[in-house]
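Summary of the model geometry
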Amino acid sequence: MTTATADPTSSSGIPRLDLLDQPSLSPAELLRLEQLGREVLGTENDVIALQAEAILALEAVARSVAAPGRRAINVVTGPYGAIFGGWMREMGAEVVDVTSPFDSIATVDAVAAAIADHRPDVVAVVQAEAATGGTNPAAQIIRVARDAGALTVLDAVAAIGAEPVPVDDWGVDIVVIGGQKSLAGPAGVSLVALSDDAWTLIENTPSAPRGSSLSLLDWRHDWVLTDRTLIPGLPSWLESRAMIQAIERVLAEGLDAVNLRHRRAAAATLAGASALGIRAWQRDAPHGAAPVVTALRVPEGRDALTERELGGILSPGNDALRESLIRVNHVGRAASLDAVSDALERLAAALDADPALAHDAAARAWNATT
Ligand SMILES: *Cc1c(COP(=O)(O)O)cnc(C)c1O
């Protein structure tokens, strides 16, 4: 392996990291990554590592479980849920969306009623939506879906590391996670946990992708069911090693402690924003407010914050939410009182307000959150 070069920064000013001339990923490293995935998810199920960002893993799942003649309930509380339903429809499934306004979360009653009406084979739900700062009652929705005999799919990309995702306790069949949010890891490898029931349903789906980057079955047949001495294709060794290190760092701090840091950051942000007269985006906050990202409402009578006013961990809402929503991305390493305080300082400056009360309120909320 190479060591640091003489020049610590490249000509572009980006710090030189030791990225080149590494050996490709060994089967032992891939097995380690899968095992770490099982640990953060609390599952004995198979975990596979797709060599791409989580959005591809979600597409792989949607296209593997949906087919003509299959019925699905798709819980939509933000953009990711909407996209997932679109893929299932493209594969010919009959999909009923249970949609909530994007400033609120799903209710268990609405999902239960849709399940009773539609008798789905598959129920898909996003646990936390980073785009709208909402978190759904995933445990209860999964329970209702399982009681109705449906296969359950959970997008936990924004939840993992910020709130518990106890896969075996909940009995959820398919779970997708990535490293780029609260695990403070890379975006280029994502993990999918699959129960035996999930594999059975996918094996019985003739249209499920094969010979494709979207194929879960390729990974099963060319890796999981083999003696695991030869990794199929060429894995992303940099991303995979970064993911191993990210999960090891999370487990060294303790998953509960990492979740707590995110809960504290969210509580501190809500309290500090409230002291500045800024309301939460989630209409019933703190109910439904996600620990991963806090979404705030652009105050009435104000234009969206400018690029100059944002910065740090503040960003505008995505797409249609750009004018009305401010994201406070206290995620991963930024789930800290320092990062939140910096965000409050910027918000106070943008509103010409005194930040002192906001800092006090944030510190108190941070300490009071256990
Ligand atoms: C961030 C996120 C993803 C992953 O999206 P990428 O485009 O791969 O970063 C998926 N689902 C949810 C709910 C997310 O918040």
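Below or above, wherever it landed, is the structure these notes cover. (Residues numbered from 1 in each chain as written. Predicted model: local features only at pLDDT ≥ 70, side-chain atom pairs only at ≥ 80, totals over all residues. Heavy atoms only, no water.)

**Brief notes about the pattern of salt bridges**
The condition that has to hold: Salt bridges are defined as contacts in which a side-chain nitrogen from Lys or Arg sits within 4 Å of a carboxyl oxygen from Asp or Glu. Per the convention used, a helix needs a DSSP run of H or I reaching at least four residues, while a strand needs a run of E reaching at least two, with both numbered from the N terminus. Three exposure classes are used, based on accessible area relative to the maximum for each residue type with a 1.4 Å probe and protein chains only: buried under 20%, partly exposed in between, and exposed over 50%.
Scanning the entire structure with this criterion turns up 15 salt bridges. Between E59 and R63 there is a salt bridge, with the nearest N and O atoms lying 2.7 Å from each other. Of this pair, E59 and R63 both sit in helix α2 (residues 54-65), 4 residues apart, which is roughly one turn of the helix. Just as E59 is buried, R63 falls in that class too. Residues participating in the shared-partner salt-bridge network are E59, R63 and E90.

**With respect to the site of the ligand**
The line we're drawing: We call a residue near a molecule or strand whenever a single non-hydrogen atom of that residue lies within 4 Å of it. In protein, a polar contact requires one atom able to donate a hydrogen and another able to accept it; more generally it is a pair of N or O atoms within 3.5 Å, and residues adjacent in sequence count only if both atoms are side-chain atoms. Methods summary: accessible areas were calculated by the Shrake-Rupley approach with a probe of 1.4 Å, and residue burial reflects only the protein chains presented. Under the scheme applied here, ten amino acids are nonpolar (Ala, Val, Leu, Ile, Met, Phe, Trp, Tyr, Cys and Pro), four are charged (Asp, Glu, Lys and Arg), and all others, including Gly, are polar.
Taken together, 13 residues lie around the ligand, and E53, I55, D155, Q180 and K181 are the ones closest in. At a separation of 3.1 Å, an oxygen atom of the ligand approaches a polar backbone atom of I55. A distance of 2.8 Å separates an oxygen atom of the ligand from a polar side-chain atom of K181. For the ligand, whose unbound accessible area comes to 380 Å², protein coverage reaches 90%. For the shell around the ligand, the residue count by class is 9 nonpolar, 1 polar and 3 charged.

**Digging into the sheet that holds strand β12 (residues 325-328)**
Rules: Strands are treated as partners if at least two bridges between them are detected by DSSP. The angle between two axes is taken between their N-to-C directions and runs from 0 to 180 degrees, where each axis is a line fitted to C-alpha atoms and a helix contributes only its stretch in contact.
Taken in spatial order, the 3 strands of this open sheet run β10-β12-β11, and their pairing is antiparallel. Here the strands that pair on one side only, and so sit at the sheet edges, are β10 (294-297) and β11 (314-316). On average, each strand axis in the sheet is inclined to that of its neighbour by 30 degrees, with strand direction left out of account. Strand direction decides the pairing type here: β10 and β12, joined by 4 bridges, are antiparallel. By the bridge assignment for β12, R297 is matched with L325.

**A short note on the packing of helix α4 (residues 108-118) against helix α5 (residues 138-147)**
Note the threshold: Orientation labels follow simple angle bins: below 35 degrees gives roughly parallel, above 145 gives roughly antiparallel, 65 to 115 gives roughly perpendicular, and whatever is left gives oblique. In this scheme the handedness of a crossing depends on how the near helix is turned from the far one: anticlockwise by less than a right angle means left-handed, clockwise means right-handed. Any two residues whose heavy atoms approach within 4.5 Å at even a single point are treated as in contact.
The N-to-C vectors of α4 and α5 enclose an angle of 15 degrees; their axes lie 10 Å apart at closest approach. Classified by the angle their axes make, α4 and α5 are roughly parallel. With respect to the hand of their crossing, α4 and α5 are arranged in right-handed fashion. Residue-level contacts link V108, V111, A112 and I115 of α4 to Q140, I141, V144 and A145 of α5. In terms of residue class, the contact of α4 with α5 is built from 7 nonpolar, 1 polar and no charged.

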